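Structural description and commentary
Here's the letter readout for the chains.
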Amino acid sequence: MSAANAPTAGEYIGHHLTHLQNKPMAGVIDFSVYNIDSIFWSVLLGVVGCFLLWRAAKAATSGAPGRFQAAVEILVEMVDTQAKGIIHNAESRKLVSPLALTVFVWIFLMNSMDFLPVDFFHGLFAVTGLDHSIHYFRVVPTADLSSTLGLSVSVLLICVYYNIKIKGLGGWFHELTTAPFGAHPILWPFNFVFQMIEFVAKTVSHGMRLFGNMYAGELIFMLIALMGGTAAMSLTGILLPVGHILAGSIWAIFHILIVALQAFIFMMLTLVYIGQAHDAH
């Protein structure tokens with residue numbers, strides 16, 4: 001492609017930030033539209049994560065573990081330790097601990113898709129001729145707000161389940177109407193509204209935190225890729241390719257920490273919110 005036909009920086013970023021959807025969006029909010037790419041990668045990586053954990057469990061031995069088994073055992077022990085420190089109900093931990101482990105592995109894999117070259121799939125589609133039918137394609141599900149909010153809403157539903165299971169429907173309703181301001185009937189509406197605001201705020205912030213960090217990381221990779229594109233079209237910018245490689249390498253190394261940290265934070269908040277559902281006010 002010649003420089004004259006090359007997209008501008010804004011067009012390049014806009015193209016890479018557009019999802020492959022089932023149909024054009026009719027308005028700002030249209031629940032009949034869904035992002036095919038996010039669903040595809042979320043399901044695929046969820047299956048991969050479950051397969052890896054299943055493989056580790058199946059191959060586990062009582063002797064000296066291999067590297068893969070040792071890594072999984074360290075991860076399982078770390079998650080179980082965190083769960084024991086937050087959720088003191090041993091019966092609940094039978095479900096919550098595996099859930100937290102699955103959440104960590106799943107989100108870590110989805111976050112790790114950010115390490116793929118920005119134009120990898122677009123270049124692959126161009127070579128195979130699929131670019132005529134697939135114009136947009138994003139590969140980081142956690143950089144999609146609908147995915148992260150879907151995860152946080154799922155955590156909210158689990159919290160509701162444990163609130164009812166531990167306290168009973170009547171006990172939970174009593175808590176919603178008497179905490180935090182007191183049990184006087186005049187305060188019941190204010191308590192209930194405050195509790196609903198708290199649930200909504202925790203759910204939205206839970207999903208937004210993961211989305212914001214991964215979206216920003218994806219955007220930085222695109223800006224670095226633009227630096228490389230500028231270098232390719234420049235005859236005098238000798239130092240620009242060096243800067244492109246250096247910046248990309250540094251950010252990729254730093255991004256490894258972000259990918260793991262965001263998965264850990266989401267898992268910990270999941271444990272904290274479920275732990276709060278076990279506490280009585």
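Each value, and the rule that gives it
Residues numbered from 1 in each chain as written. Predicted model: local features only at pLDDT ≥ 70, side-chain atom pairs only at ≥ 80, totals over all residues. Heavy atoms only, no water. Phe/Tyr/Trp six-rings, centres within 6.5 Å; stacked < 30°, edge-to-face > 60°. Helix = DSSP H or I, 4+ residues; strand = E, 2+ residues; numbered from the N terminus. Buried < 20%, exposed > 50% of the residue type's maximum accessible area, 1.4 Å probe, protein only. Expected span 1.5 Å × (residues − 1). Arc of directions from axis to C-beta. pLDDT = per-residue confidence, 0-100. Core = buried A, V, L, I, M, F, W, Y, C linked by side-chain atoms within 4.5 Å. Contact = heavy atoms within 4.5 Å. Axes fitted to C-alpha atoms, helices over the stretch in contact; angles between N-to-C directions. Parallel < 35°, antiparallel > 145°, perpendicular 65-115°, else oblique. Nonpolar A, V, L, I, M, F, W, Y, C, P; charged D, E, K, R; others polar. Polar contact = N/O pair within 3.5 Å; in protein donor to acceptor, adjacent residues only side chain to side chain.

The next thing to look at is the packing of aromatic side chains. Applying the stated criterion across every chain, the model contains 15 aromatic pairs. An angle of 65° between the planes, with centres 6.4 Å apart, marks the rings of Phe 221 and Trp 251 as edge-to-face. Residue Phe 221 is located in helix H7 (residues 188-232), and its partner Trp 251 is located in helix H8 (residues 239-278); the two are separated by 30 residues in the primary sequence. A relative accessible area of 16% means that Trp 251 is categorised as buried. By way of ring pairs, the aromatic residues Phe 40, Trp 41, Phe 120, Phe 121, Phe 125 and Phe 137 are connected into one cluster.

The next subject is helix H3 (residues 67-86). Between its terminal C-alpha atoms H3 stretches 29 Å, which fits the 28 Å expected from 20 residues at 1.5 Å a residue. Taken residue by residue, H3 has Gln 69, Val 72, Leu 75, Val 79 and Ala 83 as its buried positions. End-on, the buried residues of H3 take up no more than an arc of 130°, which puts them together on one face. Projecting away from the buried face of H3 at angles above 90 degrees are the exposed residues Arg 67, Ile 74, Glu 77 and Gly 85.

Looking at the protein chain, pLDDT values average 88 and 90% of them are 70 or higher. Element-level mean pLDDT values for the protein chain span from 84 in helix H1 (residues 9-16) up to 96 in helix H4 (residues 90-112).

Quick look at the nonpolar core now. One finds Ile 107, Phe 137, Val 139, Phe 266, Met 267 and Leu 271 to be the most contacted residues of the largest nonpolar core, which totals 39 residues. Of all the secondary structure elements, the ones that give two or more residues to this core are helix H2 (36-58), H3, H4, helix H5 (120-128), helix H6 (145-178), H7 and H8. For this core, the element with the highest residue contribution is H8, accounting for 10 residues. Excluding residues within four positions of it along the chain, Val 139 makes contact with Trp 41, Met 113 and Phe 121. Counting 5 residues, the second-largest nonpolar core is a separate cluster that includes Tyr 12, Ile 13, Leu 17 and Met 222.

The relative placement of two packed helices comes down to the angle between their axes together with the axis-to-axis distance. Closest axis-to-axis distance for the H4/H6 pair is 13 Å, and the angle between their directions is 175°. The angle between the axes of H4 and H6 places the two elements in the roughly antiparallel class. Each of Ser 92, Leu 95, Val 96, Leu 99, Trp 106, Ile 107 and Met 110 in H4 lies in contact with H6, whose residues at this interface are Leu 151, Ile 158, Tyr 162 and Ile 166. Counted by class, the contact of H4 with H6 contains 10 nonpolar, 1 polar and no charged residues.

This paragraph deals with the side chain of His 16. Mapping His 16 onto the fold places it in helix H1. Polar side-chain contacts of His 16 include one of 2.9 Å to the backbone oxygen of Tyr 12. If near-sequence neighbours (up to four positions away) are discounted, His 16 is found in contact with Val 118, Asp 119, His 122, Arg 138 and Met 222.

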